[in-house]
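# Coordinate inspection notes
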Amino acid sequence: MLKQGSVVARLRGGEVSLRSAPGSARALAVVGRRTEFGSPTTLAVVAFHGRWVEVISPRLPNGVDGFVRLTDVWLRHDPVAIDVDLSQRQLRVWRGGVLERRVAVAIGAPGSPTPIGRFAVTDELTGYSAAAYGCCILALSGHQSRLPLGWTGGDRLAIHGGGGIGSAVSSGCLHAAEPALRWLLSRVPLGTQVVIHP
């Protein structure tokens, strides 16, 4: 887990191709300066490979990273990282290696479990039209591959409002109480890495 923080890449130009390997001509996806929700695009950096960085993006499937040239991005260190312990139904916020806050969460129901893996915060949204999401949403790069039958809300993972805190009741997202969501929105920068583990 990256309790010491996250390295975040911002695009220098208009768009960047996410390559399948350092130096590869094969593009897996292309990302622009803004996300689908209108936020500035931030790519969480997983590793450095010479003149390339390995990054997380919602444009790629869970567990698949892309590679971009160092010259195509600006880098910054974000002291914040998050881990989610599904067995404890708890989200933990780390700042510079120090545990800053624990948040009780609802997790995915048995038929639509919350995916495990390494993700990143891509968007922070308020004033969303659907009341079921609560005051605020922290959209994550991950995707729910086991959506409930009839689900029409898309496949992106997020941390948002909802009931059943401490239970396994969601369609895969993490539900948190409104005070915790507002705190997260004020303290967690875009690009923060989120590790979800059993």
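In this report, the structure presented in the accompanying data block is examined.

How each quantity is defined
Residues numbered from 1 in each chain as written. Predicted model: local features only at pLDDT ≥ 70, side-chain atom pairs only at ≥ 80, totals over all residues. Heavy atoms only, no water. Disulfide = S-S within 2.5 Å. Buried < 20%, exposed > 50% of the residue type's maximum accessible area, 1.4 Å probe, protein only. Core = buried A, V, L, I, M, F, W, Y, C linked by side-chain atoms within 4.5 Å. Helix = DSSP H or I, 4+ residues; strand = E, 2+ residues; numbered from the N terminus. Contact = heavy atoms within 4.5 Å. Salt bridge = Lys/Arg side-chain N within 4 Å of Asp/Glu carboxyl O.

Within this structure, the stated rule accounts for 1 disulfide. Disulfide partner of Cys-135: Cys-136, at an S-S distance of 2.3 Å. Between Cys-135 and Cys-136 the sulfur-sulfur dihedral comes to about -85 degrees; the bridge is accordingly left-handed. With relative accessibility at 1%, the residue Cys-136 sits in the buried group. The thiol sulfur of Cys-173 is not disulfide-bonded, and the nearest other cysteine sulfur, from Cys-136, lies at 14 Å.

With that settled, consider the nonpolar core. Of all hydrophobic cores here, the largest spans 27 residues; its most connected members are Val-84, Leu-91, Ile-159 and Leu-184. Counting only elements with at least two residues in this core, the list comes to β8 (80–85), β9 (90–95), β12 (117–126), β13 (136–143), β14 (156–160), α1 (178–187) and β17 (193–197). With 4 residues, the top contributor of residues to this core is α1. The contact partners of Val-84, leaving out residues within four places of it in the chain, are Gln-90, Leu-91, Leu-174, Val-194, Val-195, Ile-196 and His-197.

Side-chain pairing between opposite charges can occur once the charged atoms of the two side chains come close. Counted under the stated rule, the structure contains 7 salt bridges. As a salt-bridge pair, Glu-178 and Arg-182 come within 3.2 Å of each other at their nearest N and O atoms. Of this pair, Glu-178 and Arg-182 both sit in helix α1, 4 residues apart, which is roughly one turn of that helix. Looking at Glu-178, the relative accessible area reads 41%, which means it is partly exposed. In the salt-bridge network here, residues are joined through shared partners; they are Glu-36, Asp-123 and Arg-156.

This part is about unusual backbone geometry. Backbone geometry places Arg-89, a non-glycine residue, at a positive phi of 55 degrees. Look at Arg-89 and you get partly exposed, because its relative accessible area is 29%.

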